[in-house]
Amino acid sequence: MPTLPIELRLGGYFPRHVVATPEWLNCPAVVDVCSVSRCVSPGPKDWVHLWLHNGLALFNQPEQARLAVTPDDPAMTVFAYRISTVRFVAGEPEPWAWPEDAVPVPLPDGFVSLGYDAVQKSADDILGFECSPLSCNSVAPEWPVNRHCLLDDFDTAVDAARQFSIDQPEPGMYYVAEVFAPPV
């Protein structure tokens, strides 16, 4: 297997309604789901129609992310995401083209890392990341997830992304992402 350096780069910000652990997840360690995916902990209803997002389907500024939240949306928290510069396809690492418009402002003071996710994307488009098998496909009990349904260790997240790209719990390419929460 080729060795490529896997770096994480700030990709942007996105608001989410954090959901308590669904019963079907069957993982007592998980208290809430803070995955990159919008499947369990959704984002604002009509965020995409604002066209304020970058090519990663994230916002370059926390303020832009907050603009996407409407009074009709449930309570939302704006998270920050660092995304891997390498993705996994059929178990093999490969570089990919970072979107030119994904130039977020630096991570504000006080944001803290909640852990790492292995997230799927089925195409190179601006629709963003899709499923996080740990939460979306109930794979969390098979991995050492933390209370947020994320992995505490970067190397374990790389192993998960590699394995998911082989097993294909959701079809597509797999990326590692680090999830940051704002100060409380």
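Only a predicted model underlies this, so the values are computations on that prediction, with no experimental measurement involved.

What counts, and at which threshold
- Residues numbered from 1 in each chain as written.
- Predicted model: local features only at pLDDT ≥ 70, side-chain atom pairs only at ≥ 80, totals over all residues.
- Heavy atoms only, no water.
- Disulfide = S-S within 2.5 Å.
- Buried < 20%, exposed > 50% of the residue type's maximum accessible area, 1.4 Å probe, protein only.
- Core = buried A, V, L, I, M, F, W, Y, C linked by side-chain atoms within 4.5 Å.
- Helix = DSSP H or I, 4+ residues; strand = E, 2+ residues; numbered from the N terminus.
- Contact = heavy atoms within 4.5 Å.
- 1 Å grid on protein atoms, 1.4 Å probe; cavity = no way out; pocket = protein on both sides within 12 Å on 5 of 7 lines; lining within 4 Å.
- Points joined across faces, edges and corners; volume = space filled by probe spheres on them.
- Nonpolar A, V, L, I, M, F, W, Y, C, P; charged D, E, K, R; others polar.
- Phe/Tyr/Trp six-rings, centres within 6.5 Å; stacked < 30°, edge-to-face > 60°.

Peer 1: Just checking my understanding: could you explain the state of the cysteines for this structure?
Peer 2: The bond known as a disulfide is covalent and runs between the sulfur atoms of two cysteines. Counted according to the given criterion, the structure contains zero disulfides. Its sulfur unpaired, cysteine 34 is 9.2 Å from the next cysteine sulfur, which belongs to cysteine 149. Cysteine 39 supplies the cysteine sulfur nearest to cysteine 136, a cysteine that is in no disulfide, at a spacing of 3.6 Å. Residue cysteine 136 is classed as buried on the basis of its relative accessible area of 19%.

Peer 1: Just to check I follow, could you spell out the nonpolar core for this structure?
Peer 2: Considering soluble globular proteins, one finds that nonpolar side chains tend to be buried as a cluster. Grouped together as the largest cluster of nonpolar side chains are 31 residues, with contacts concentrated most on Leu56, Tyr81 and Ile83. Contributions of two or more residues to this core are made by strand E1 (8-16), strand E4 (77-89), strand E6 (112-121) and strand E7 (173-181). Considering each element in turn, this core owes the most residues, six residues, to E7. The residues contacting leucine 56, other than those within four sequence positions of it, are Gly11, Ile83, Trp96, Trp98, Pro99, Ala102, Gly128 and Phe129. Counting residues in each nonpolar core, the second largest holds 23 residues, with Val30, Val40, Phe88 and Val158 among its members.

Peer 1: What exactly am I supposed to notice about empty space enclosed by the protein here?
Peer 2: Any empty space left between the atoms is revealed when a probe the size of a water molecule rolls over them. On inspection of all chains with the given rule, the structure shows one cavity of 30 Å³ or more. Approximately 40 Å³ is the volume found for the largest cavity. Lining the largest cavity we find Arg16, Val36, Arg38, Leu56, Ala57, Leu58, Gly128 and Phe129. Per-class residue counts for the lining of the largest cavity are five nonpolar, one polar and two charged.

Peer 1: Is there a simple way to explain the environment of valine 176 in this structure?
Peer 2: By secondary structure assignment, the location of valine 176 is in strand E7. Sequence spacing of valine 176 and phenylalanine 154 is 22 residues, and the spatial spacing of their C-alpha atoms is 8.3 Å. Setting aside chain neighbours within four positions, we find valine 176 in contact with Leu8, Arg82, Ile83, Ser84, Tyr116, Asp117, Phe154, Ala157, Val158 and Ala161.

Peer 1: Sorry if this is basic, but what is going on with the environment of glycine 12 here?
Peer 2: The residue glycine 12 is located in strand E1 in this model. The exposure class of glycine 12 is buried, given its relative accessible area of 0%. A C-alpha to C-alpha distance of 17 Å links glycine 12 and serine 41, two positions 29 residues apart in sequence.

Peer 1: Would you mind going over the packing of aromatic side chains with me for this structure?
Peer 2: How two aromatic rings sit relative to each other is set out by the distance from centre to centre and by the angle between their planes. According to the stated counting rule, one finds ten aromatic pairs in the structure shown. Aromatic side chains tyrosine 13 and phenylalanine 111 sit 6.3 Å apart centroid to centroid with 75° between the ring planes, which places their arrangement in the edge-to-face category. Of this pair, tyrosine 13 sits in strand E1 while phenylalanine 111 sits in the loop between strand E5 (92-95) and E6; the two residues are 98 residues apart in sequence, bridging distant segments of the chain. Residue classification places tyrosine 13 among the buried residues on the basis of a relative accessible area of 0%. Assessed through its relative accessible area of 15%, phenylalanine 111 is described here as buried. What links up through ring pairs into an aromatic cluster is the set Trp96, Trp98, Phe129 and Tyr175.

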